[in-house]
Amino acid sequence: MNLLQVFLDRTGDVGNEPFLTVPDGTSLSFDDVFARAAEFAGALVATGAVIGDRVVAQVDKSTDAFALYLACLQTGMVYIPLNVAYTPSEVAFFLADTEAAVFVCRPQDHATLAFVAKDVNAVLTLDAEGRGSLPAKVSLVEPYVGVVDRADDDLACMLYTSGTTGRSKGAMLTHRNLASNAEALHQVWAWQPGDVLLHILPIFHVHGLFVALHCALLNASEVIYLTTFDTTAVRAQLPRATVMMGVPTHYSRLLADPAFGPDDCRTIRLFTSGSAPMTEPVFGAFTERTGHTICERYGMTECGIITSNPYDGERIAGTVGYALPGVEMRVVTEDGTVAAPGQTGIVQTRGPHLSPGYWRLPGKTAEEMTEDGFFRTGDVGSVDESGRLTLAGRAGDMIISGGYNVYPKEIELVLDEVEGVVETAVVGLPHTDFGEGVVAFVVADPAVTPDRLAEACQHDLARFKQPKHYFFVTELPRNAMGKVQKAQLRSENADFFAR
Ligand code: MLC
Ligand code: AMP
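Along each chain, numbering runs from 1 in the same order as the chain's sequence is written. Here every chain gets a letter starting at A, and every ligand a number starting at 1, in the order they are written. Where totals are concerned, whole chains, interfaces and linings use all residues; where local detail is concerned, this predicted model gives features only for residues with pLDDT of at least 70, and gives and counts side-chain atom pairs only at 80 or more. Note that the side-chain values use all heavy atoms of the structure and ignore hydrogens as well as water.

Peer 1: Report on the site of ligand 2, specifying residues and quantitative values.
Peer 2: Near residues are defined by distance, with any heavy atom within 4 Å of the molecule or strand qualifying the residue. Looking at ligand 2, there are 17 residues lining it, with Arg297, Thr301, Asp379, Arg394 and Asn405 nearest. Any pair of N or O atoms that falls within 3.5 Å is considered a polar contact. Within protein, one atom must be able to donate a hydrogen and the other to accept it, and sequence-neighbouring residues count only if both atoms are side-chain atoms. For ligand 2, a nitrogen atom lies 3.1 Å from a polar atom in the backbone of Ser275. At 2.8 Å, a side-chain N or O of Arg394 approaches an oxygen atom of ligand 2. Computed on the free molecule, ligand 2 has an accessible area of 500 Å², of which 91% lies beneath the protein chains in the complex. Counting residues per element, the ones that place at least two in the shell around ligand 2 are strand E13 (295-300) and strand E20 (389-394). The element contributing the most residues to the shell around ligand 2 is E13, with 5 residues. Nonpolar residues are Ala, Val, Leu, Ile, Met, Phe, Trp, Tyr, Cys and Pro. Charged residues are Asp, Glu, Lys and Arg, and all others, Gly as well, are polar. Its residues placed into classes, the shell around ligand 2 shows 8 nonpolar, 5 polar and 4 charged. Using a 1.4 Å probe, accessible areas were evaluated by the Shrake-Rupley method; residue-level cover was limited to the displayed protein chains. Under the scheme used here, helices are H or I runs from DSSP no shorter than 4 residues and strands are E runs no shorter than 2 residues, and both carry numbers assigned from the N terminus.

Peer 1: Help me get a handle on the domain arrangement of the protein chain, residues and values and all.
Peer 2: Domain annotation for the protein chain reports domain 1 (3-11 + 26-150), domain 2 (181-335 + 381-394) and domain 3 (399-498). As used throughout, domain bounds are those supplied by an automatic or database domain assignment. On a C-alpha basis, the centroid separation for the pair domain 1 and domain 2 is 28 Å. The criterion used for residue contact is that any of the two residues' heavy atoms lie within 4.5 Å. Contact with domain 1, which involves 19 residues of that partner, is made by 20 residues of domain 2. Salt bridge, as used here: a side-chain nitrogen of Lys or Arg that lies within 4 Å of a carboxyl oxygen of Asp or Glu. For the pair domain 1 and domain 2, the interface holds 1 salt bridge. The residue Glu183 makes a salt bridge to Arg10 at a minimum N-O spacing of 3.0 Å. Taken together, the connections running from domain 1 to domain 2 amount to 7 residue pairs in polar contact (both at pLDDT 80 or more).

Peer 1: Provide a residue-level description of the site of ligand 1, including the pertinent values.
Peer 2: Taken together, the neighbourhood of ligand 1 is formed by 21 residues, with Arg253, Ser275, Arg297, Ser401 and Arg463 sitting nearest. In this structure, an oxygen atom belonging to ligand 1 sits 2.6 Å away from a side-chain N or O atom of Arg253. Expressed as a share of its isolated accessible area of 1000 Å², the protein-covered part of ligand 1 is 72%. Among the elements of the structure, helix H10 (248-255) and E13 are those that each provide at least two residues to the shell around ligand 1. For the shell around ligand 1, the residue count by class is 8 nonpolar, 9 polar and 4 charged.

Peer 1: Describe the pattern of salt bridges, with residues and values.
Peer 2: Taken as a whole and assessed by the stated rule, the structure comprises 27 salt bridges. In this structure, Asp195 and Arg269 form a salt bridge, with 2.6 Å as the shortest nitrogen-oxygen distance. In this pair, Asp195 sits in the loop between helix H7 (175-188) and strand E9 (196-199) while Arg269 sits in the loop between H10 and strand E12 (270-273), placing the two residues 74 residues apart along the sequence. One exposure class covers both Asp195 and Arg269, and it is buried. Residues Glu367 and Lys364 are paired through a salt bridge, measuring 3.0 Å at the closest nitrogen-oxygen approach. Note on exposure labels: buried denotes an accessible area under 20% of the residue type's maximum, exposed denotes more than 50%, and partly exposed covers the range between, all computed with a 1.4 Å probe on protein chains only.

Take a look at the structure:
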């Protein structure tokens, strides 16, 4: 069934009630948001786009940006949201790879992006206040009526995720993937009548777009919709919310405000954290300061949420809990056998939440799948006797900075192109705010300066991926096989950001 139809059915009785409430207190009702989606759906269809066509959006978080996502569901188009931090060269790749029929960007980026979008049939704009050529088109066309029928296995969205080779892959997500994961989370987190979600996440990733907003829609809940993360604004809104979802950086930033405390959290029944590891000190300090135990869960783009600490049972720091209902999760050791309790291996998952694969990359998809249909997440962990999962890191050298994934290879490829650079190694070092901070170790001619390297990155890489520091070294440490010892670079410089 079309996921939008599920949302319409669940919110049918409360159409006039507040759904998205922005900081000035203005609310759009469920009906308002669905009506806006229908207007955008009409505008999308008027471009000539049809069912299955890809709609790529690189827009600021706004109520209209969310309505655009719903418009794609309504018309059976495939929605592909992009981080606004991506540079034109990154966007060019996504537009080409998806063969996008429609590209929606911010008006201020239009002049720069028009060139990279030259093969896209329709390029439209949308700003944070609901202006641009997409909204302008709305007055010229009729709103779309009805919801396109979709089979459970039809594509709803694609979200790009990088890989060890540095090349981004589009994780295809079906209506069933999204609906089943939302239903499971709605159940395990015990959503209740009257719940109000404080939404502080970007809506171009699984966490903010699906985990948070799908749960709220299934529960017909109001969402306090903040477009940026600012501790003061969050503290002002918290006392009206019952649920907040964040990445660890959000929680450490709240704790960094000495005035933040139990009074701010008096109405909250659930704080969840994920996308990056929550450290035990932050978990402990949060409980001590507020009396609330953060519910840590674990997920990824290819499958949404896999495990969560329990709503009612014990939430244990450093663990990510149990497989969600309907989700299979196991840990498999290097020799291919299912790990015994406590034994470490790669986490694998199977179930209705799992993506059918990477867009137009059947080889890559097959590589990540086992013969019996489990997906190899690349995360290393162990389960205890009760089935509770503890993560111990990643099999590869992916960096997670403030909840965003950064693939060293992608940055190394850019740096290696700079004239005078011999070789580079990019790693994440412990960072109090972002969990890990990106740095690069560079072997280069003396003429190569940090500014020159930064300039190269500026052009090709989103800001959050760009190294926050360059270490110039005479050689990179290698093992007997010639492999660069990134663990050594990390351990020798572990206190760099604290110095
Ligand atoms: C911002 N900056 C970052 C950064 N975010 N640098 C490294 N890592 C990050 N995550 C840099 C900017 O480039 C800029 O640099 C400066 O910080 C200020 O930018 P900003 O936009 O004002 O930052 P801020 O609002 O403070 O953003 C921090 C943040 C944000 C934590 C709010 O990063 C964020 O929203 N993270 C959440 C990511 C998320 O939703 N992940 C879910 C993935 S889904 P300069 O140099 O220009 O000053 C997933 C699956 C799952 O993983 O399980 O959920
Ligand atoms: P992404 O590809 O952006 O969806 O990121 C998914 C990755 O984020 C997972 O493979 C994990 O490595 C990591 N991740 C998500 N949640 C957690 C968590 N609670 N603890 C540790 N890592 C996490």
